[in-house]
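Chain by chain, the residues:
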Amino acid sequence: MELINEGYLQGLEINLFPESELVSLFNRKVKSLINNQSNIIEFGCGCGNNIRMLVEYGYNNISGFDISERAIDIAKTMINNKYNNTNVNLFSSDFNKLELDKKYDLIIDRACITHVKDIKFEKVANCLETNGILLSCCFFEKSKTYIPRPEMYDTVNYFTDFKEEIEKYFNITYIEKCYKNLNGEKDINYVNFIAVKK
Ligand SMILES: C[S@@+](CC[C@H](N)C(=O)[O-])C[C@H]1O[C@@H](n2cnc3c(N)ncnc32)[C@H](O)[C@@H]1O
């Protein structure tokens, strides 16, 4: 946790926009499955890029947490400065210590699960209603174009390693592999997927 907090203090992970691929995937594959009253939570929401997207899209029940208190402070400030009267529930917690008082219809996870030490997918599934949706963006495998970021993260879980485990609790309904160009060759760097709780 100290490592990540320190990263945020140094301004390493502070972006102003949501990742375009996440916005695209959300619009193409998830929007039609939920409604404005759906309960949505973002794991590892950082400074709230994707939370702001959800606010702008008009969702009314949005939560987000991050292991970094510093990131949550930034997220709260950015959201309060830009939007009035939003009812967004942001809090700091390590996923492994997370305690929720309700179940959610949708989890958004952009690069949190891929960094959680000893990730347990049963616990991920327990955050969701039956048929709840997980939209996740994770590193695919130890690829040649993966650049480690030891200044922020000491754990990387790869999709190829945890796929079997996640399928105990979820049906993976959609996968898109994201390639990077490596001297003219395609290298699968990360994967975006949608999984529905069994
Ligand atoms: C690559 S950043 C992405 C931030 C945000 N999801 C986005 O798309 O802008 C990954 C985030 O996961 C958070 N994270 C890593 N391990 C975590 C854990 N065990 N519990 C909660 N958050 C964690 C980090 O603090 C970081 O903010």
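Residues numbered from 1 in each chain as written. Predicted model: local features only at pLDDT ≥ 70, side-chain atom pairs only at ≥ 80, totals over all residues.

Moving on, we come to the sheet that holds strand β7 (residues 185-197). Read from one edge of the open sheet, seven strands run β3-β2-β1-β4-β5-β7-β6, paired in mixed fashion. The outermost strands of the open sheet, each flanked by one partner alone, are β3 (88-92) and β6 (170-182). With direction set aside, neighbouring strand axes in the sheet form an average angle of 15 degrees. Relative to β7, strand β5 (residues 128-139) is paired through seven bridges, and the arrangement is antiparallel. The partner of Cys-138 across the bridge, within β7, is Val-191. Those strands touched by helix α3 (residues 49-56) are β1 (39-43), β2 (61-66), β3 and β4 (104-110), and its axis lies near 175 degrees from that of β2. Those strands touched by helix α4 (residues 69-82) are β2 and β3, and its axis lies near 160 degrees from that of β3. (Pairing = 2+ DSSP bridges. Helix = DSSP H or I, 4+ residues; strand = E, 2+ residues; numbered from the N terminus. Axes fitted to C-alpha atoms, helices over the stretch in contact; angles between N-to-C directions. Contact = placed C-beta atoms within 7 Å.)

Here the focus is α4. For α4, which comprises 14 residues, the first-to-last C-alpha distance of 20 Å matches the rise-based estimate of 20 Å (1.5 Å per residue) to within 8%. Among all positions of α4, only Ala-71, Ile-72 and Ala-75 are buried. Considered in projection along α4, the buried side chains sweep an arc of 95 degrees and stay on one side of the axis. More than 90 degrees from the buried face of α4, the exposed residues found are Thr-77, Asn-80 and Asn-81. In this structure, the buried side of α4 is in contact with α1 (2-9), α3, β2 and β3. (Expected span 1.5 Å × (residues − 1). Buried ≥ 20, exposed ≤ 12 C-beta atoms within 10 Å, placed from the backbone. Arc of directions from axis to C-beta.)

Burial of β4 is extensive: six of the seven residues sit out of reach of the surface. As judged from the four bridges shared by β1 and β4, these two strands associate in the parallel manner. Bridging from a neighbouring strand, Ile-40 pairs with Leu-106 of β4. Pairing between β4 and β5: six bridges, direction parallel. The residue of β5 that forms the bridge with Tyr-104 is Leu-128.

Right, let's talk about the packing of α1 against α4 for a bit. Between α1 and α4, the shortest axis-to-axis distance is 7 Å and the interhelical angle comes to 40 degrees. The angle between the axes of α1 and α4 places the two elements in the oblique class. Mapping the contact onto sequence places Asn-5, Tyr-8 and Leu-9 in α1 and Glu-69, Arg-70, Ala-71 and Ile-74 in α4. (Parallel < 35°, antiparallel > 145°, perpendicular 65-115°, else oblique.)

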